[in-house]
Structures are given as structure tokens and as C-alpha cells.
Amino acid sequence: VVEADRPDVDAIFTALADPTRRAVLRSLAEGGAATATQLATRFPVSRQAVAKHLTALGDAGLVAPERSGREVRYRVTPDPLLDAMGWMAAVGSQWDRRLDALRARVEAGRES
Amino acid sequence: MVARDASPWHDARVTSVERTIRVAAPPEQVWAAFCDEATLSAWFGGDARLDIRPGGRGRFTGPAGDVRLAAVDEVEPYRHLAWRWWPLGCSPLDAGTVAFDLEGLDGDDGDEVGTQVTVREEPPARRAAMSVLAGASSG
């Protein structure tokens, strides 16, 4: 079970909070590995901006650079994403259970 | 630019977990469920202790024996309660946050008096805390 104490979960959420970064990630997931220059042709932002987004995604472990010749291509590394979704699912189901119990307890106390 | 489909990671609210329920009791009675350890533990699960005062400490022991320490940050009786919590043995820099908001539902038109309870948990904010510390030490 992925627990709430994973320090890297926040980095993942921070990286995904930006719509351009989500679009870059989606583009890599759909189209396969690509260079920053290739990605810049797909979005209305500069190559430098794409490179910054790739750095943020890389810091969160969501993409990994691969060197081939003189090119650096980025590919999606999905495991951290599964960690983040696992955190949300685990924490969400804990609160579902606790809130149900809270309601049952308060409403039972009211009837007695 | 922004994605077309509904994959979870396209949702900006992926940054936190939020749940809302309605309880058929006034906010004062919902609030009371936080104030005594036996009651808090009963619905929270495991052993739950929380000193509901700004700066108050807490300790949550899960059913599996896992321990989390807590520090209360915000208290507005019957309305709002927020704390930070982090696993025992970890730095408070690894704390996530939990915030409860209680909203009284009026009994107009013969509706039952009730409370809307919203809880929001944010993941550990270590990076944010680290950057604040880095800024403080360099400045």
C-alpha cells in the first residue's frame, strides 16, 4: 500500500499541477520518446520552456532522458504516477471509512 | 493544450484528496466527536489523540500499529480544524495536512438540521518546506 508519507508524492503533484506539463507528458505517452525540440513544435511555447517543463517532470521521476547520439530524448516513466494515484486511492478510501464511522457515531449519539 | 479526456492526472484537483458528507446533527455535535479521545478513536480507527488547540499535539496509531505524530495548526470551534501529521521517525518536513470544515445546514422549511463535513488531505509538502528553508538560509 502506498502511504501518505511518500515524500516524492508532492513533487509529482507539483509537476502535474501545470497544464502545459500535463500536455507534454500526454504527448510523450501517446507519441513515444521525443526530444525537447520535437516537443516544442507541438506546443505554442519555446524550446527553452519545454526544456524547463521536462526538467520539472524529470525531478518528479515522471520522465527520463535517454541519450542517443547527439540527441536527448525523453520518455515517460509511469511508476511515480502510479504511486501518486495509489496515494490518492489509499487516502481517499481511508477518509471514506472514517467519515462513514463519524456520521454513524454522531447520529447514533443523537438518537440515544 | 489541455487534455481532452478524463484521465485522473489531467484533473487539477489531483493535488489533494477531498471528501464531503452530510451528518444529521448540528455542528456542535460533530465537533464534539473530535474533542474526546475515546470518541475520536472510535470513528478514526486505531488510537487517536489530538489536543484541539492551536499548537496542540496529536498522536495517531493505526490499526496496523503505524504511528503518526500531529500538530494542530488551525482551530475555529464548530467550524474548522486543521493539523499537520507525519510518520513517527520522519521529519515534520515530511508532514501532510488535514483540514476539516463543518458547515451548519439550517432547518428551514422543516428540513432536518444537519452539518456538511468536508475533509481535505494534502500530500507531504517536503519540497515546499525545503525551498522555504533554502530561501531563509541564503537570504
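Residues numbered from 1 in each chain as written. Chains lettered and ligands numbered in written order. Predicted model: local features only at pLDDT ≥ 70, side-chain atom pairs only at ≥ 80, totals over all residues. Heavy atoms only, no water.

J.: Hey, could you run me through the nonpolar core in this one?
T.: What tends to happen in soluble globular proteins is that the nonpolar side chains get buried as a cluster. With 56 residues, the main nonpolar core has Trp83(B) and Phe100(B) as its most contacted residues. Sort the elements by how many residues they give to this core and helix H5 (residues 79-111) of chain A lands first, with 9 residues. Those residues within four positions of Phe100(B) in sequence are excluded, and the remaining contacts are Trp95(A), Leu99(A), Phe34(B), Trp43(B), Arg79(B), His80(B), Leu81(B), Trp83(B), Val117(B), Thr118(B) and Val119(B). (Core = buried A, V, L, I, M, F, W, Y, C linked by side-chain atoms within 4.5 Å. Buried < 20%, exposed > 50% of the residue type's maximum accessible area, 1.4 Å probe, protein only. Helix = DSSP H or I, 4+ residues; strand = E, 2+ residues; numbered from the N terminus. Contact = heavy atoms within 4.5 Å.)

J.: I'm lost on the sheet that holds strand S5 (residues 80-87) of chain B in this one. Help?
T.: By way of backbone hydrogen bonds, the strands of a sheet pair with one another, either parallel or antiparallel. All names here are of chain B. As summarised here, the arrangement of the 7 strands in space is S1-S7-S6-S5-S4-S3-S2, forming an open sheet in which the pairing is antiparallel. Because the sheet does not close on itself, it has two edges, and the strands there are strand S1 (17-23) and strand S2 (47-50). Strand-to-strand, the axes of this sheet are offset by a mean angle of 20°, without reference to chain direction. Across 8 bridges, strand S4 (residues 67-76) lies against S5 in antiparallel orientation. Bridge pairing links Val75 to Leu81 in S5. Contacts between helix H2 (residues 37-44) and the sheet are confined to S2, strand S3 (57-61), S5 and strand S6 (96-105), with S2 contributing the most and set at about 130° to the helix. (Pairing = 2+ DSSP bridges. Axes fitted to C-alpha atoms, helices over the stretch in contact; angles between N-to-C directions.)

J.: I keep staring at unusual backbone geometry and nothing clicks. Help me out?
T.: With glycine set apart, most residues show a phi of negative sign, and most peptide bonds adopt trans. In this structure, Tyr78(B) takes a positive phi of about 70° despite not being glycine. You can see Tyr78(B) is positioned in the loop between S4 and S5.

J.: Just to check I follow, could you spell out the confidence of the model for chain B for this structure?
T.: Residue and element names in this part refer to chain B. Across chain B, the average pLDDT comes to 81, with 74% of residues at or above 70. In this model, residues 1-14 is a region of pLDDT below 50 whose contacts with residues beyond four sequence positions or in other chains number 28 contacts. For residues 126-139, every residue scores under 50 in pLDDT, and the model assigns this stretch 10 contacts once sequence neighbours within four places are set aside. Across the interface, the model reports ipTM at 0.79; the global pTM reads 0.67. (pLDDT = per-residue confidence, 0-100.)

J.: Help me out: how do you make sense of the packing of helix H2 (residues 19-31) of chain A against helix H4 (residues 47-59) of chain A in this one?
T.: Any two packed helices are characterised by the angle at which their axes cross and by the distance between the axes. Residues and elements named next belong to chain A. Closest axis-to-axis distance for the H2/H4 pair is 10 Å, and the angle between their directions is 80°. With respect to H4, the element H2 is oriented roughly perpendicular. Contacts between H2 and H4 pair Thr20, Arg21, Val24, Leu25 and Leu28 from the former with His53, Leu54, Ala56 and Leu57 from the latter. (Parallel < 35°, antiparallel > 145°, perpendicular 65-115°, else oblique.)

J.: How should the pattern of salt bridges be read in this particular structure?
T.: Opposite charge on two side chains permits them to pair, given that their charged atoms come into close proximity. Residue and element names in this part refer to chain B. A complete count under the given rule lists 10 salt bridges over all chains for this structure. In this structure, Glu37 engages Arg49 in a salt bridge whose closest nitrogen and oxygen atoms are separated by 3.5 Å. Here Glu37 is found in helix H2, whereas its partner Arg49 is found in strand S2, with 12 residues between them in sequence. Owing to a relative accessible area of 38%, Arg49 belongs among the partly exposed residues under this scheme. (Salt bridge = Lys/Arg side-chain N within 4 Å of Asp/Glu carboxyl O.)

J.: What's the story with the confidence of the model for chain A in this structure? I'm lost.
T.: Mean pLDDT for chain A: 85, with 90% of residues reaching 70 or above. Across residues 1-7 of chain A the pLDDT falls below 50, and counting only partners more than four positions away or on other chains, this stretch makes 19 contacts in the model.

J.: So what exactly am I meant to see when it comes to the packing of helix H1 (residues 27-35) of chain B against H2(B) here?
T.: Residues and elements named next belong to chain B. Between H1 and H2, the least distance of the axes is 5 Å, while the angle of their chain directions is 95°. With respect to H2, the axis of H1 lies roughly perpendicular. Together, Ala33, Phe34 and Cys35 of H1 and Glu37, Thr39, Leu40 and Trp43 of H2 make up the contact between the two elements. Among the residues forming the contact of H1 with H2, the class breakdown is 5 nonpolar, 1 polar and 1 charged. (Nonpolar A, V, L, I, M, F, W, Y, C, P; charged D, E, K, R; others polar.)

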